Amino acid sequence: MTDFEIENNDLVYIPAEDSFLLAENLDIKFGDKVLEIGTGSGIVAMYASKLTDNVTATDINFNAIELAEKNFKKNNIENIELLFGNLFEPVKNRKFDVILFNTPYLPTESEDILDDDLNYAFDGGLDGRQVIDLFLNEVKNHLNDSGKVQLIQSSLSDIEKTLDRLDELGFVSEVAKEERFFFEQVVLINGYL
């Protein structure tokens, strides 16, 4: 895999095992139009930009947009379009071949919520599914025929429910990779139309 120089800051999710689980298992071919939601530092979009020349990355955290832009410049990457906004908002009427998302999958009680933009990176609501479900409700509208989705989530936010929902939407889905930690399992789910 390519080594990138990455700058981080306290208000943006620092790439961790889940980021690299996605980045190192991208199912992208050259020419694919790729959308990454929740780009954070931009690391996954940067890996994607080495596989295709058409990458769009979005984030709801403006600090992440600024940081990703810095990281793209630092690594001389010019083929990523960067957009600010929530989920599919910034790409309203557009379709892609591949959609990537390292979801905010942690179940959070009100006392777990951070009072800054970093909260967007992990806050999945009470059951960890708040953002995952919103994403799944819209994802098919933004995929080309025979498109695919690759998303990261945790066993803390009901993996089976995600697989069932993808099934209902007409995807053939699978847990493609997983990493076990002492209190959870983090998985890469691939869904193919």
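Attention here is on the structure that accompanies the text. (Residues numbered from 1 in each chain as written. Predicted model: local features only at pLDDT ≥ 70, side-chain atom pairs only at ≥ 80, totals over all residues. Heavy atoms only, no water.)

Along the backbone of the chain there are six helices and seven strands. N-terminal to C-terminal, the α/β element order of the chain is α-β-α-β-α-β-β-α-α-β-α-β-β. Of all 193 residues assigned to the chain, the portion counted as buried reaches 49%. Pairs at least 24 residues apart make up 65% of the contacts formed inside the chain by residues separated by at least 6 positions. Carbon and sulfur atoms provide 47% of the accessible area of the chain, an area that totals close to 9,400 Å². (Helix = DSSP H or I, 4+ residues; strand = E, 2+ residues; numbered from the N terminus. Buried < 20%, exposed > 50% of the residue type's maximum accessible area, 1.4 Å probe, protein only. Contact = heavy atoms within 4.5 Å. Areas by Shrake-Rupley, 256 points an atom, 1.4 Å probe, with all protein chains shown as cover.)

Note on aromatic pairs: each is described by the distance of the centres and the angle between the planes. Under the definition given, this model contains five aromatic pairs. Plain terms: the ring middles of Phe 101 and Phe 135 are 5.0 Å apart, the flat faces sit at 50 degrees to each other, and that makes the pair tilted. Of the two residues, Phe 101 sits in strand β4 (residues 96-102) while Phe 135 sits in helix α5 (residues 130-139), which places them 34 residues apart along the sequence. Of the two residues, Phe 101 and Phe 135, both sit in the buried class. Ring geometry for Phe 182 versus Phe 183: centroids 4.8 Å apart, planes at 75 degrees, classification edge-to-face. Residue classification places Phe 182 among the exposed positions, given a relative accessible area of 82%. Chaining the aromatic ring pairs together yields one cluster made of Phe 88, Phe 101 and Phe 135. (Phe/Tyr/Trp six-rings, centres within 6.5 Å; stacked < 30°, edge-to-face > 60°.)

With respect to burial, strand β7 (residues 185-192) is a largely interior element, seven of its eight residues being buried. In this structure, strand β5 (residues 143-154) lies alongside β7, joined through seven bridges in antiparallel fashion. Residue Val 149 lies in a different strand from β7, and its bridge partner there is Gly 191. Relative to β7, strand β6 (residues 172-180) runs antiparallel, the two sharing eight bridges. Note that in β7 the partner of Val 175 across the bridge is Ile 189. (Pairing = 2+ DSSP bridges.)

The end-to-end C-alpha separation of helix α3 (residues 62-74) is 18 Å, in line with the 18 Å expected for 13 residues at 1.5 Å each. All buried positions along α3 are accounted for by Ala 64, Ile 65, Leu 67, Ala 68, Asn 71 and Phe 72. Check the buried side of α3 and you find it contacts α2 (43-49), β2 (54-59) and β3 (80-84). At the N-terminal boundary of α3, the capping side chain belongs to Asn 61, with an oxygen 2.8 Å from the backbone nitrogen of Asn 63. The first or second residue beyond α3 is Asn 76, which carries a positive phi of 55 degrees. (Expected span 1.5 Å × (residues − 1). Polar contact = N/O pair within 3.5 Å; in protein donor to acceptor, adjacent residues only side chain to side chain.)

Right, let's get into the sheet that holds β2. Pairing is mixed in the open sheet, where seven strands are placed in the order β3-β2-β1-β4-β5-β7-β6. The sheet terminates laterally at β3 and β6, the two strands that pair on one side only. On average, each strand axis in the sheet is tilted by 15 degrees relative to the strand beside it, whichever way the strands run. As paired elements, β2 and β3 share five bridges and run parallel to each other. The partner of Thr 58 across the bridge, within β3, is Leu 83. (Axes fitted to C-alpha atoms, helices over the stretch in contact; angles between N-to-C directions.)

Bringing unusual backbone geometry into the picture now. In the Ramachandran plot, Asn 76 falls in the positive-phi region, its phi being about 55 degrees despite a non-glycine side chain. Within the secondary structure, Asn 76 is located in the loop between α3 and β3. A positive phi angle, close to 55 degrees, is found at Ser 146, a residue other than glycine.

If you walk through the whole model with that rule in mind, you get nine salt bridges. Lys 70 is the salt-bridge partner of Glu 7, the closest N and O atoms lying 3.5 Å from each other. Taken together, the residues span a long stretch of sequence, with Glu 7 in the segment before α1 (17-23) and Lys 70 in helix α3 at a distance of 63 residues. Given a relative accessible area of 47%, Lys 70 falls into the partly exposed group. Two residues, Asp 27 and Lys 148, come together in a salt bridge whose shortest N-O distance is 3.6 Å. (Salt bridge = Lys/Arg side-chain N within 4 Å of Asp/Glu carboxyl O.)

Interpretation in functional terms is not warranted from these geometric data alone.
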